[in-house]
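Summary of structural features
Chain by chain, the residues:
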Amino acid sequence: MMMLTGKVALVTGAGAGIGRAIAESYAREGARLVISDVNAALGAETVATIEALGGQAVFVKADVAEAAGHVALVAAAHQHFGALHIACNNAGIAGGGRALTETTDEDWGRVIAVNLTGVFLGMRAQIPAIAAAGGGAIVNIASVLGSVAIPNSAPYVASKHGCVGLTRAAALEAAGQKVRVNAVGPGFIATPMAAKLDQASIDAIAAKHALGRWGTAQEIAEVALWLASDKASFVTGAYYTADGGYSAQ
Ligand SMILES: NC(=O)c1ccc[n+]([C@@H]2O[C@H](COP(=O)([O-])OP(=O)(O)OC[C@H]3O[C@@H](n4cnc5c(N)ncnc54)[C@H](O)[C@@H]3O)[C@@H](O)[C@H]2O)c1
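A short tour of the structure in this document, coming up. A quick note: this is a predicted structure, and the numbers were derived from the prediction, not measured.

**A word on the site of the ligand**
Around the ligand, the structure places 29 residues, and the nearest of them are Ile18, Asp37, Asn90, Tyr156 and Thr191. One nitrogen or oxygen atom from the side chain of Asp37 is found 2.5 Å from an oxygen atom belonging to the ligand. A distance of 2.6 Å separates an oxygen atom of the ligand from a polar side-chain atom of Tyr156. Of all the elements in the fold, those that place two or more residues in the shell around the ligand are helix H1 (17–28), helix H4 (105–132) and helix H5 (154–174). Across the shell around the ligand, the residue classes tally to 16 nonpolar, nine polar and four charged.

In structure tokens:
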């Protein structure tokens, strides 16, 4: 028996990296998927991969910073598959990598809009739909930087700490509607988001993890799959780090 047989799931930022790995994992376990991204070409690639696996997926272009996009994603789940049971709010951006005192209003605003407001707008649209389907799960992709900080990433660190708090607040409110809400805290994961770094930085970051390496998108997808499935039926309001021991030190 597959873990998500009969379920309908949506994944934001599913055109690349962690979101794509999560969408493919959900599909392999039997879910039908609404794939969303701001990049339509990347989203189409994820849909094609899922269809090649024998799964079903539709793409809807949406910017998670805009409320209307989330409403459209929920509507697409209903239109194409008749319900929504699972939502993974994954889309996120890194920001400018500047000192706090050098951070522009624009950089602060955009990182908060995508990484934090995007999760709020997503859950506002998703919770009633999942409740109407009889219950289900929301998985928010935060970061290990949802619980610890690094220099030169203040908007990102603040947005991810906020995402963890938002997850807990939503979990308390949605529990009565049988909607579980959890967050994942990935350590540094080899995805396009991290592709701009030089080799010395890549090695230095690897050394900060107790396991001595970067994680893979699939290693995060495994956690996001379990949290979305009924195997995690008593887990809500939790923040699961999958960080190779980064924050244990
Ligand atoms: N890569 C890491 O080291 C790492 C670590 C911890 C947490 N995360 C988090 O995991 C999530 C995915 O990261 P990733 O590394 O796979 O990133 P990525 O840049 O490789 O992929 C992100 C995807 O989201 C899409 N996207 C960007 N802005 C969007 C928006 N406004 N609306 C909709 N889609 C948008 C992009 O087009 C892209 O396809 C993010 O929330 C990120 O903060 C990543």
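**Considerations on H1**
In this model, H1 (twelve residues) spans 17 Å end to end at C-alpha, consistent with the 16 Å of a helix rising 1.5 Å per residue. With respect to burial, H1 is a largely interior element, ten of its twelve residues being buried. Turning to H1, its buried residues are Ile18, Gly19, Arg20, Ala21, Ile22, Ala23, Glu24, Ser25, Tyr26 and Ala27. After H1 finishes, the residue Gly30 shows a positive phi value of roughly 105°.

**As for the pairing of strand S5 (residues 136–141)**
A large share of S5 lies buried, amounting to six of its six residues. A two-sided burial pattern is seen for S5, the buried positions comprising Gly136, Ile138 and Asn140 on one face and Ala137, Val139 and Ile141 on the other. Tracing the backbone out of strand S4 (residues 86–89), into H4 and back to the parallel element S5 gives a crossover that is right-handed. Pairing geometry for S5 and strand S6 (residues 179–186), over six bridges, is parallel. Bridge assignment links Ala137 to a residue of S6, and that residue is Arg180. Following the backbone out of S5, through H5 and into the adjacent parallel S6, one traces a crossover that is right-handed.

**Some remarks on helix H7 (residues 217–228)**
A rise of 1.5 Å per residue sets the reference length of H7, with its twelve residues, at 16 Å; its end C-alpha atoms lie 16 Å apart and thus fit the reference within 8%. Within H7, the full set of buried residues consists of Ala217, Ile220, Ala221, Val223, Ala224, Leu225, Leu227 and Ala228. Against the buried residues of H7 lie H1, S4, S5, S6 and strand S7 (239–242).

**Examining the packing of H1 against H7**
Relative orientation and spacing of two packed helices are given, respectively, by the angle between their axes and the distance between those axes. Between H1 and H7, whose axes approach to 8 Å, the crossing angle comes to 50°. Here H1 is positioned oblique relative to H7, judged by the angle of their axes. Note on packing geometry: the crossing formed by H1 with H7 is right-handed. Between H1 and H7, the contacting residues are Gly17, Ile18, Ala21, Ile22, Ser25, Tyr26 and Arg28 on the first element and Ala217, Gln218, Ile220, Ala221, Ala224, Leu225 and Ala228 on the second. Among the residues forming the contact of H1 with H7, the class breakdown is ten nonpolar, three polar and one charged.

**Overview of the pairing of strand S1 (residues 8–11)**
On a regular strand, each side chain points to the face opposite its neighbour's, so the side chains alternate between the two faces of the sheet. Every second residue of S1 is oriented toward a common face, with Val8 and Leu10 on one face and Ala9 and Val11 on the other, all of them buried. As judged from the four bridges shared by S1 and strand S2 (residues 32–37), these two strands associate in the parallel manner. Of the residues in S2, the one forming a bridge with Val8 is Arg32. Both S1 and S4 contribute to a ladder of three bridges, which runs parallel. When the bridges of S4 are listed, Val11 appears paired with Cys88.

**Here's the deal with the packing of H1 against helix H2 (residues 40–52)**
Here H1 crosses H2 at 25°, and the two axes come no closer than 10 Å. Taken together, the axes of H1 and H2 lie roughly parallel to each other. Crossing hand, H1 versus H2: right-handed. Together, Arg20, Ala23, Glu24 and Ala27 of H1 and Leu42, Glu45, Thr46, Thr49 and Ile50 of H2 make up the contact between the two elements. Here the contact of H1 with H2 is composed, by residue class, of four nonpolar, two polar and three charged.

**Some words on the nonpolar core**
Counting 34 residues, the largest nonpolar core has Val11, Ile22, Tyr26, Leu33, Ile35 and Val139 as its most contacted members. Elements represented by at least two residues in this core include exactly S1, H1, S2, H2, S4, S5 and H7. Not counting chain neighbours up to four residues away, the residues in contact with Tyr26 comprise Leu4, Ala9, Val11, Ala31, Leu33, Ile86, Cys88, Val139, Ala224, Leu225 and Ala228. Counting 30 residues, the second-largest nonpolar core is a separate cluster that includes Val8, Ala62, Ala87 and Ile138.

Rules of the game
- The residue count restarts for each chain, going from 1 along the sequence in the order it is written.
- Local features in this predicted model are restricted to residues whose pLDDT is 70 or higher, and side-chain atom pairs enter the listing and the counts only when it is 80 or higher, whereas totals over whole chains, interfaces and linings include all residues.
- Calculated side-chain values reflect all of the structure's heavy atoms, with hydrogen atoms and water omitted.
- A single heavy atom is enough: if one lies within 4 Å of a molecule or strand, its residue is considered near that molecule or strand.
- In protein, a polar contact requires one atom able to donate a hydrogen and another able to accept it; more generally it is a pair of N or O atoms within 3.5 Å, and residues adjacent in sequence count only if both atoms are side-chain atoms.
- Helix numbers and strand numbers start at the N terminus; a helix is a DSSP run of H or I with at least 4 residues, a strand a run of E with at least 2.
- Under the grouping applied here, Gly and all other residues not named as nonpolar or charged are polar, the nonpolar ones being Ala, Val, Leu, Ile, Met, Phe, Trp, Tyr, Cys and Pro and the charged ones Asp, Glu, Lys and Arg.
- Expected helix span is given by 1.5 Å per residue-to-residue step, counting one fewer step than there are residues.
- Throughout, exposure labels follow a simple rule: accessible area from a 1.4 Å probe, protein chains only, divided by the maximum for the residue type, with under 20% read as buried, over 50% as exposed, and the rest as partly exposed.
- Orient the strands so they point away from the viewer, and a crossover whose first-strand-to-second-strand path over the helix runs clockwise is right-handed.
- DSSP calls a pair of strands paired once it identifies at least 2 bridges connecting them.
- We call two residues contacting when some pair of their heavy atoms lies within 4.5 Å.
- Note on method: axes are straight lines fitted to C-alpha atoms, helices fitted across the in-contact stretch only, with angles between N-to-C directions ranging 0 to 180 degrees.
- Orientation categories follow fixed angle ranges, with anything under 35 degrees roughly parallel, anything over 145 roughly antiparallel, 65 to 115 roughly perpendicular, and all other angles oblique.
- Helix crossings fall into two classes, left-handed where the near helix is turned counterclockwise from the far one by less than a right angle and right-handed where it is turned clockwise.
- In this description, a nonpolar core means a group of buried Ala, Val, Leu, Ile, Met, Phe, Trp, Tyr and Cys residues linked to one another through side-chain atoms lying within 4.5 Å.

Coordinates in, geometry out; function isn't part of it.
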